[in-house]
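# Structure at a glance
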Amino acid sequence: RVMCVSSDYGLSMSQTEPALVSTGLFSPMDIDHFDARLYIPDPMNLAANYDAVLLWSQKSFADKQLLGNALRTYVDEGGGVVIATYALTQGDLEIAGEILGSGYSPFLPGPAQEVAGQLNPGSVSEPTHPFFENVDLNNVTYDVDEDFSSPDMNGYADVLLALDMDGNRLIA
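Residues numbered from 1 in each chain as written. Predicted model: local features only at pLDDT ≥ 70, side-chain atom pairs only at ≥ 80, totals over all residues. Heavy atoms only, no water.

What follows deals with the sheet that holds strand β3 (residues 52-57). The four strands lie next to each other as β2-β1-β3-β4, forming an open sheet whose pairing is parallel. Two strands bound the open sheet, and with one partner strand each, they are β2 (31-35) and β4 (80-83). The sheet shows a mean angle of 20° between the axes of neighbouring strands, taken without regard to direction. The pairing of strand β1 (residues 2-7) with β3 spans six bridges and is parallel. Residue S7 lies in a different strand from β3, and its bridge partner there is S57. (Pairing = 2+ DSSP bridges. Helix = DSSP H or I, 4+ residues; strand = E, 2+ residues; numbered from the N terminus. Axes fitted to C-alpha atoms, helices over the stretch in contact; angles between N-to-C directions.)

The end-to-end C-alpha distance of helix α3 (residues 64-76) is 18 Å, a good match for the 18 Å that 13 residues give at a rise of 1.5 Å each. Regarding α3, the residues found buried are L67, G68, N69, A70, L71 and Y74. Looking at the packing, one finds that the buried side of α3 touches β1, α2 (43-49), β3 and β4. In the segment just after α3, G78 is the residue with positive phi, at about 110°. (Expected span 1.5 Å × (residues − 1). Buried < 20%, exposed > 50% of the residue type's maximum accessible area, 1.4 Å probe, protein only. Contact = heavy atoms within 4.5 Å.)

Take the packing of aromatic side chains next. The full count for this structure, using the stated rule, is three aromatic pairs. Among the aromatic side chains, those forming a connected cluster through ring pairs are Y86, Y142 and F148. (Phe/Tyr/Trp six-rings, centres within 6.5 Å; stacked < 30°, edge-to-face > 60°.)

For the rest of this paragraph, the subject is the side chain of S105. Note that S105 resides in the loop between β4 and β5 (107-108). Among the polar contacts made by the side chain of S105, one reaches the main-chain carbonyl oxygen of F107 at a distance of 2.6 Å. Dropping the residues within four chain positions of it, S105 is found in contact with I83, I99, L100, N154 and Y156. (Polar contact = N/O pair within 3.5 Å; in protein donor to acceptor, adjacent residues only side chain to side chain.)

Burial of nonpolar side chains together is a common tendency in soluble globular proteins. Among the nonpolar cores identified, the biggest contains 19 residues, and V5, L55, L67, L71 and I95 are the most heavily contacted of them. Every element with two or more residues in this core is listed here: β1, β3 and α3. Of the residues forming this core, the biggest block, three residues, is contributed by α3. The residues touching V5, leaving out its near neighbours within four places in the chain, are F34, A36, V53, L54, L55, W56 and L67. (Core = buried A, V, L, I, M, F, W, Y, C linked by side-chain atoms within 4.5 Å.)

If you want it as structure tokens, here you go:
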């Protein structure tokens with residue numbers, strides 16, 4: 001099961017759930033949403049009920065420091081966290097706290113900037129990595145706006161898996 005933790009108004013969730021279901025790895029019953037604009041999830045509840053957390057932001061989190069600390073506790077309890085758009089963009093949208101500590105996130109928030117919107121297939125360091133299973137590397141695109149970042153590496157350059165067409169760090 002996956003918990004989608006976000007700080008948006010629901011539009012992204014209405015797009016995210018069908019995208020997750022379309023992978024064939026999840027059913028709608030496997031996916032829940034938590035509004036982090038208002039609350040911080042209990043890491044022990046997450047650990048007891050979810051295999052993974054998908055985190056993103058479009059507005060400020062209720063408390064980005066406490067949320068980051070809760071997510072680290074969740075990882076310590078065996079969970080996995082994917083940090084996505086725009087939680088790695090410096091400023092109001094970023095995640096903070098212990099999840100950014102050594103051994104947790106390969107990325108640190110970076111400044112907002114325009115990005116390419118397409119993965120550079122030639123930059124993929126490990127094409128056989130499970131992350132890319134059943135993925136057409138020549139056809140990976142994403143929406144573009146000025147709030148994306150090329151997040152800084154958190155001392156884990158060896159886990160960088162892909163760049164976009166402009167050379168921005170994309171997947172680790």
